[in-house]
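The residues making up each chain are set out below.
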Amino acid sequence: QVLLVESGGGLVQAGGSLRLSCAASGRTFSSLGMGWFRQAPGKDREFVAAITWSGVNTYYADSVKGRFTISRDNGKNTAYLQMKSLKPEDTAVYYCAADSRRTGWVFSVWAEYDYWGQGTQVTVAS
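Just so we're clear, the structure is a prediction, and the values are computed from it rather than from any experiment.

Considerations on the environment of Arg102
Here's step 1: Tracing the backbone shows Arg102 in the loop between strand 9 (92-99) and strand 10 (115-116).
Here's step 2: Taking C-alpha positions, Arg102 is 6.3 Å from Trp53, a pair spaced 49 residues apart along the chain.
Here's step 3: Setting aside residues no more than four positions away along its own chain, Arg102 makes contact with Ser30, Ser31 and Trp53.

Right, dumping it as structure tokens:
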């Protein structure tokens with residue numbers, strides 16, 4: 001019942017910035033906890049960031065803390081991932097995910113989410 005579409009990926013130089021968007025439809029966006037994950041070639045899917053349905057609480061992987069910011073605009077039914085000081089190791093396909101349970105908690109485990117998007121490629125050149 002929830003469709004998620006990521007956008008904003010592309011090629012960027014190391015040290016640059018990029019903002020990813022995740023547009024949601026099919027359910028009231030404000031009821032969804034949102035998360036971002038990424039998967040690099042040959043590696044397992046990795047948690048990046050999460051935000052509660054209320055937007056009050058956020059959680060970040062240590063690898064991106066201080067560089068990435070997750071946010072949401074419930075009026076636009078969109079979640080964002082602002083990425084700064086990008087590194088080559090940030091290169092991956094980035095996925096947004098939605099949790100429909102409205103727990104008020106943030107989750108770093110993929111299995112806690114019940115919807116996900118198709119992914120958008122982010123490539124950071126050295």
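Quick word on the sheet that holds strand 3 (residues 18-25)
Here's step 1: Read across the open sheet, the 4 strands follow the order 1-3-8-7; overall the sheet is antiparallel. With partners counted over all chains shown, the strands left at the sheet margins are strand 1 (3-7) and strand 7 (68-73), one partner each. Here the average twist between neighbouring strands, direction ignored, is 15°.
Here's step 2: Note: strand 1 against strand 3, 5 bridges, orientation antiparallel. Paired with Leu3 across the strands is Ser25, a residue of strand 3.

Notes on the pairing of strand 5 (residues 46-51)
Here's step 1: In terms of residue burial, strand 5 counts as a mostly covered element, since 5 of its 6 residues are buried.
Here's step 2: Relative to strand 5, strand 4 (residues 33-39) runs antiparallel, the two sharing 5 bridges. Among the inter-strand pairings, Arg38 is bridged to a residue of strand 5, identified as Glu46.
Here's step 3: Here strand 4 hands over to strand 5 after 6 residues, with Gly42 in that stretch at a positive phi of 75°.
Here's step 4: Pairing of strand 5 with strand 6 (residues 58-60) involves 3 bridges; the strand directions are antiparallel. In the strand pairing of strand 6, Ala49 is matched with Tyr60.
Here's step 5: Taken together, strand 5 and the strand that follows it, strand 6, pair antiparallel across an intervening segment of 6 residues, in which Gly55 is found at a positive phi of about 80°.

Rules and cut-offs
Residues numbered from 1 in each chain as written. Predicted model: local features only at pLDDT ≥ 70, side-chain atom pairs only at ≥ 80, totals over all residues. Heavy atoms only, no water. Helix = DSSP H or I, 4+ residues; strand = E, 2+ residues; numbered from the N terminus. Contact = heavy atoms within 4.5 Å. Pairing = 2+ DSSP bridges. Axes fitted to C-alpha atoms, helices over the stretch in contact; angles between N-to-C directions. Buried < 20%, exposed > 50% of the residue type's maximum accessible area, 1.4 Å probe, protein only.

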